[in-house]
Amino acid sequence: MKECPSCGNTIPKEVIYCPYCGARFADLSPTQTKGNEQRQKPGFKMQKCPLCDKKIREDAKFCPQCGWDLTDYELTPPQIARIQEEIQNARFRAMHWHITMVQFTTVGLVLIIFSILASFEVIVVQAPWVMSGIAAAFWFVAAAFGFLAQRYNNKQDRLKMMLRDRQSSQ
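This one's a predicted model, so the numbers in the text were calculated from it and none came from an experiment.

Student: Account for the overall build of the protein, naming residues and giving values.
Tutor: Summing up its helical and strand segments, the protein has 2 helices and 4 strands in all. When its helices and strands are written in sequence order, the protein yields β-β-β-β-α-α. Considering the protein as a whole, with its 170 residues, one finds that 32% of them fall into the buried category.

Student: Could you give an account of the pattern of salt bridges, naming the residues involved and the relevant values?
Tutor: Tallied over the full model, the rule gives 1 salt bridge. A salt bridge links E86 to K155, with the nearest nitrogen and oxygen atoms 3.2 Å apart. One end of the pair, E86, is in helix α1 (residues 77-119); the other, K155, is in helix α2 (residues 128-168), with 69 residues separating them in the sequence.

Student: Go over unusual backbone geometry with me, naming the residues and quoting the values.
Tutor: Here E121, not a glycine, exhibits a phi torsion of approximately 60°, which is positive. Here E121 is to be found in the loop between α1 and α2. When its relative accessible area of 70% is taken as the criterion, E121 is described as exposed.

Student: I'd like to hear about α1, residue by residue, with values.
Tutor: Taking 1.5 Å per residue as the helical rise, α1 with its 43 residues ought to reach 63 Å, and the 63 Å between its terminal C-alpha atoms agrees with that figure. Along α1, the positions that sit buried rather than exposed are Q79, I80, I83, E86, I87, A90, A94, T100, G108, L111, S115 and A118.

Student: Go over the side chain of K155, please, and point to the residues and values.
Tutor: By relative accessible area, which is 14% here, K155 ends up buried. Setting aside residues up to four positions removed in sequence, K155 forms contacts with L51, E86 and A90.

Student: Requested: an account of the confidence of the model for the protein, with residues and values cited.
Tutor: Model confidence for the protein is summarised by a mean pLDDT of 81, while 85% of its residues fall at 70 or above. Predicted confidence for residues 27-40 stays below pLDDT 50, and this span has 29 contacts to residues more than four positions away or in other chains.

Student: Could you give an account of the packing of aromatic side chains, naming the residues involved and the relevant values?
Tutor: One pass over the full model with this rule turns up 3 aromatic pairs. Here F104 and F145 contribute two aromatic rings whose centre-to-centre distance is 5.1 Å and whose plane-to-plane angle is 80°, an arrangement assigned as edge-to-face. In this pair, F104 is assigned in helix α1 and F145 in helix α2, connecting sequence segments 41 residues apart. Among the aromatic side chains, those forming a connected cluster through ring pairs are W97, F104, F138 and F145. Positioned above the aromatic ring of Y152 is the side chain of R151, whose terminal nitrogen or guanidinium carbon lies 5.9 Å from the ring centre.

Student: Please provide a residue-by-residue account of the side chain of Q156, values included.
Tutor: As for its position among the elements, Q156 is in helix α2. Among the residues examined, Q156 registers a relative accessible area of 8% and is labelled buried. Apart from the residues lying within four places of it in its own chain, the contact partners of Q156 are I87, A90 and R91.

Conventions adopted
Residues numbered from 1 in each chain as written. Predicted model: local features only at pLDDT ≥ 70, side-chain atom pairs only at ≥ 80, totals over all residues. Heavy atoms only, no water. Helix = DSSP H or I, 4+ residues; strand = E, 2+ residues; numbered from the N terminus. Buried < 20%, exposed > 50% of the residue type's maximum accessible area, 1.4 Å probe, protein only. Salt bridge = Lys/Arg side-chain N within 4 Å of Asp/Glu carboxyl O. Expected span 1.5 Å × (residues − 1). Contact = heavy atoms within 4.5 Å. pLDDT = per-residue confidence, 0-100. Phe/Tyr/Trp six-rings, centres within 6.5 Å; stacked < 30°, edge-to-face > 60°. Lys NZ or Arg CZ within 6 Å of the ring centre and 35° of its normal.

Written out as structure tokens, the structure is:
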């Protein structure tokens with residue numbers, strides 16, 4: 001734990017932004033703290049940051065990972081631009097994982113077709129069951145990629161909804 005030089009509150013040492021005042025700590029970069037989330041302690045409720053999706057304490061005013069202001073207010077033009085950039089990033093990542101999922105599914109399908117042809121002795125293969133096992137592994141990995149794509153689609157939808165809700169109140 002360390003003390004925020006701006007507001008004096010005690011905060012975890014791995015955070016980049018103070019969750020109480022939003023002050024940025026220059027000695028830490030996002031790559032140094034990647035994966036470090038505030039641990040849930042007894043008595044503290046947790047929420048997710050709407051921008052970076054990290055778990056944070058419910059009473060935090062700022063996200064300690066990305067510095068997003070969690071108070072309910074009108075969005076400023078730089079914040080709107082940041083949300084739109086995150087929406088584009090989520091869209092790109094979802095497309096990337098969908099394309100990868102289709103590629104792995106296609107390879108698995110080709111291996112199954114070869115396995116079926118080998119079982120009918122149309123083509124000669126030493127162990128057709130090996131191809132079936134490899135195809136199943138490709139489909140399993142493709143399903144994981146599908147879940148990743150859905151995660152980024154959900155993030156994109158959540159950010160669009162946040163942008164729409166905050167802009168409509170202005």
